[in-house]
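Commentary on secondary and tertiary structure
Next come the chains, spelled out residue by residue.
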Amino acid sequence: QVQLVESGGGLVQAGGSLRLSCAASGTILSINAMGWYRQAPGKQREVVATITSGGTATYADSVKGRFTISRDNARNTVYLQMNSLSPEDTAVYYCNAYLKRITLLPFRDYWGQGTQVTVSP
């Protein structure tokens, strides 16, 4: 089994900062990309940021310059530093990992349970 456990969400005022963490545990042979997605009420889930095992990061236009994704490969952990938060960033944030559990299985996506981020005006 594989688990992705997120932490760090909460309530913050506009202009504030939060740092999300997500640790993958269980039987894991290799993790390729990791990332953060979010889903606001009434909207579809959207990608926020992704990062490859080599450290190449990509960002949604809406968060460029404000959010920073990073990862610790030794700990199978991905982070999302969120600065200059605005009410438009309010959403449930989900961690994603594209990983292989064992040699005989293919890479596939795994998801965390989500963590709520609420930004007040």
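We now turn to the structure provided with this report. (Residues numbered from 1 in each chain as written. Predicted model: local features only at pLDDT ≥ 70, side-chain atom pairs only at ≥ 80, totals over all residues. Heavy atoms only, no water.)

A word on the overall build of the protein chain. Check the secondary structure of the protein chain and you find 0 helices and 11 strands. When the helices and strands of the protein chain are placed in sequence order, the string is β-β-β-β-β-β-β-β-β-β-β. In terms of C-alpha radius of gyration, the protein chain reaches 14 Å, essentially the compact-globule figure of 14 Å for 121 residues. Here the C-alpha coordinates of the protein chain stretch approximately 50 × 25 × 20 Å along the principal axes. By the burial criterion, 38% of the 121 residues in the protein chain qualify as buried. Partitioning the contacts of the protein chain with sequence separation of at least 6, the portion at a separation of at least 24 is 56%. Of the roughly 6400 Å² that the protein chain leaves accessible, carbon and sulfur atoms contribute 49%. (Helix = DSSP H or I, 4+ residues; strand = E, 2+ residues; numbered from the N terminus. Rg over C-alpha atoms; globule rule 2.2 N^0.38 Å. Buried < 20%, exposed > 50% of the residue type's maximum accessible area, 1.4 Å probe, protein only. Contact = heavy atoms within 4.5 Å. Areas by Shrake-Rupley, 256 points an atom, 1.4 Å probe, with all protein chains shown as cover.)

Tracing the sequence through the fold places L18 in strand β3 (residues 18-26). Each C-alpha atom, one on L18 and one on G8, is 6.9 Å from the other, the two residues being 10 residues apart in sequence. Excluding residues that lie within four positions of it along the chain, L18 makes contacts with G8, G10, V12, L80, Q81, M82, L85 and V117.

So, on to the packing of aromatic side chains. For the structure shown, the criterion picks out 2 aromatic pairs. A centroid spacing of 5.0 Å and a plane angle of 70° characterise the contact between Y37 and W111, whose relative ring orientation is edge-to-face. Linking Y37 in strand β4 (residues 30-39) with W111 in strand β10 (residues 108-111), this pair joins segments that are 74 residues apart in sequence. Taking 5.5 Å as the distance between ring centres and 25° as the angle between the ring planes, the aromatic pair formed by Y98 and F107 counts as stacked. Cation over ring: R45 sits above W111, and NZ or CZ is 4.8 Å from the ring centre. A cation over a ring is seen here: R108 above Y110, with NZ or CZ 3.9 Å from the ring centre. (Phe/Tyr/Trp six-rings, centres within 6.5 Å; stacked < 30°, edge-to-face > 60°. Lys NZ or Arg CZ within 6 Å of the ring centre and 35° of its normal.)

In a soluble, globular protein the nonpolar side chains are often hidden away together inside. Ranked by size, the top nonpolar core spans 30 residues in total, and within it W36, L80, M82 and Y93 carry the most contacts. Among the elements of the structure, β1 (2-7), β3, β4, β5 (46-51), β7 (67-72), β8 (77-82), β9 (91-100) and β11 (115-120) are those that each provide at least two residues to this core. It is β9 that contributes the most residues to this core, 5 residues altogether. (Core = buried A, V, L, I, M, F, W, Y, C linked by side-chain atoms within 4.5 Å.)

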